[in-house]
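Inside the fold
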Amino acid sequence: MIQGELIYKTIDSLKKRLENNNLLELQLQEGYLTQATCTFNEPADESDLIEFQRKLGFELPNDYINFLKISNGCSLFDHPQHGGEAYLYKWQDIQEATYESSNEGYLKIAYIYQDNIVIDLKKYSEGSNNYLMVKGYIDNFDESRPFNMNFELWFDRFIISQGDKFWDWSVYTAENFYKLKG
């Protein structure tokens, strides 16, 4: 598969799952069942994205640009009545979301349950396809952890995990599970 195509397939499949009543039936950790909805924004204009990159002084990753051309941000796995905390920013809101003074070369592109998903633009400009990171929303950028993946792979895994923070799953070994449960 050519890099950048996975984002199209992932969003298309998710939208097909939402076609009937705009609700997804989810089974989450510990057998919890719930329903969720996803909301996609109108696509970003290509000329706006070119100007945004010019002002940034960095090129955005192709797979992320493809996402913005399909949906300029979105809200994922929201509870139908109570909403949620998993959203990818519109390109227009990224710079405001990335407010830290030490943000040179970093962009917060999403807020997922008190984590920020961050693109390391320097790493991408050096040719790395493993440019995506995660940080706690109050952490500094130098406290970010690498995902060792690009945007479209992260997005696909986030959809497969039904909105769960798969990057934290390693703490849920059987031994830790029973310790946490008391």
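Residues numbered from 1 in each chain as written. Predicted model: local features only at pLDDT ≥ 70, side-chain atom pairs only at ≥ 80, totals over all residues. Heavy atoms only, no water.

**Concerning helix α3 (residues 62–70)**
Burial within α3 is extensive, with seven of its nine residues counted as buried. Along α3, the positions that sit buried rather than exposed are Asp63, Tyr64, Ile65, Asn66, Phe67, Leu68 and Ile70. (Buried < 20%, exposed > 50% of the residue type's maximum accessible area, 1.4 Å probe, protein only. Helix = DSSP H or I, 4+ residues; strand = E, 2+ residues; numbered from the N terminus.)

**A closer look at the sheet that holds strand β6 (residues 115–120)**
Across the sheet, which stays open at both edges, the eight strands sit in the order β1-β2-β3-β4-β5-β6-β7-β8 with antiparallel pairing between neighbours. The two strands at the open ends of the sheet, each matched to only one other strand, are β1 (24–27) and β8 (145–146). Two elements, strand β7 (residues 132–136) and β8, share two bridges in a ladder whose sense is antiparallel. Across the sheet, Val134 pairs through a bridge with Arg145, a residue of β8. Packed on one face of the sheet, helix α6 (residues 151–160) meets β3 (74–78), β4 (86–88), β5 (106–112), β6 and β7 and runs near 25° to β3. (Pairing = 2+ DSSP bridges. Contact = heavy atoms within 4.5 Å. Axes fitted to C-alpha atoms, helices over the stretch in contact; angles between N-to-C directions.)

**Some points on the pattern of salt bridges**
Inspection of the entire model under this criterion finds six salt bridges. Between Asp12 and Lys16 there is a salt bridge, and its shortest N-O distance comes to 3.3 Å. In this pair, Asp12 and Lys16 both sit in helix α1 (residues 5–17), four residues apart, roughly one turn of the helix. Residue classification places Lys16 among the exposed positions, given a relative accessible area of 52%. (Salt bridge = Lys/Arg side-chain N within 4 Å of Asp/Glu carboxyl O.)

**Describing the pairing of β3**
Among the five residues of β3, five are classified as buried, and the element is accordingly described as predominantly covered. The pairing of strand β2 (residues 33–40) with β3 spans three bridges and is antiparallel. Its bridge partner lying in β3, Phe40 is registered against Cys74. With two bridges joining them, β3 and β4 adopt antiparallel strand pairing. Each residue of the ladder has a partner; that of Cys74, found in β4, is Leu88.

**Remarks on the nonpolar core**
Note that soluble globular proteins tend to have their nonpolar side chains buried in a common cluster. Formed by 50 residues in total, the largest nonpolar core has its most connected members in Phe67, Leu76, Ile109, Ile117, Phe151, Trp154 and Phe155. For Phe155, the residues in contact, after removing those within four places along its chain, are Ile7, Thr10, Ile11, Phe67, Leu76 and Leu88. (Core = buried A, V, L, I, M, F, W, Y, C linked by side-chain atoms within 4.5 Å.)

**Details of the environment of Ile160**
Looking at the secondary structure, you find Ile160 in helix α6. Ile160 sits in the exposed class, given a relative accessible area of 61%. As for Ile160 and Thr10, which are separated by 150 residues in sequence, their C-alpha atoms are 9.2 Å apart.

**Some points on the packing of α3 against α6**
One way to put it is that α3 packs onto α6 with a least axis distance of 7 Å and a crossing angle of 55°. Relative to α6, α3 is oriented oblique. Here Asp63, Tyr64 and Phe67 of α3 come into contact with α6, specifically with Phe151, Glu152 and Phe155. A class-by-class count of the residues in the contact of α3 with α6 yields four nonpolar, no polar and two charged. (Parallel < 35°, antiparallel > 145°, perpendicular 65-115°, else oblique. Nonpolar A, V, L, I, M, F, W, Y, C, P; charged D, E, K, R; others polar.)

**Some thoughts on the environment of Glu96**
Summarising the element assignment, Glu96 is placed in helix α4 (residues 91–97). Glu96 sits in the exposed class, given a relative accessible area of 65%. Taking the C-alpha atoms as reference, Glu96 lies 9.9 Å from Leu107; in sequence the two are 11 residues apart.

**Observations concerning unusual backbone geometry**
Non-glycine residue Tyr113 carries a positive phi angle of around 45°. Residue Tyr113 is classed as partly exposed on the basis of its relative accessible area, which comes to 28%.

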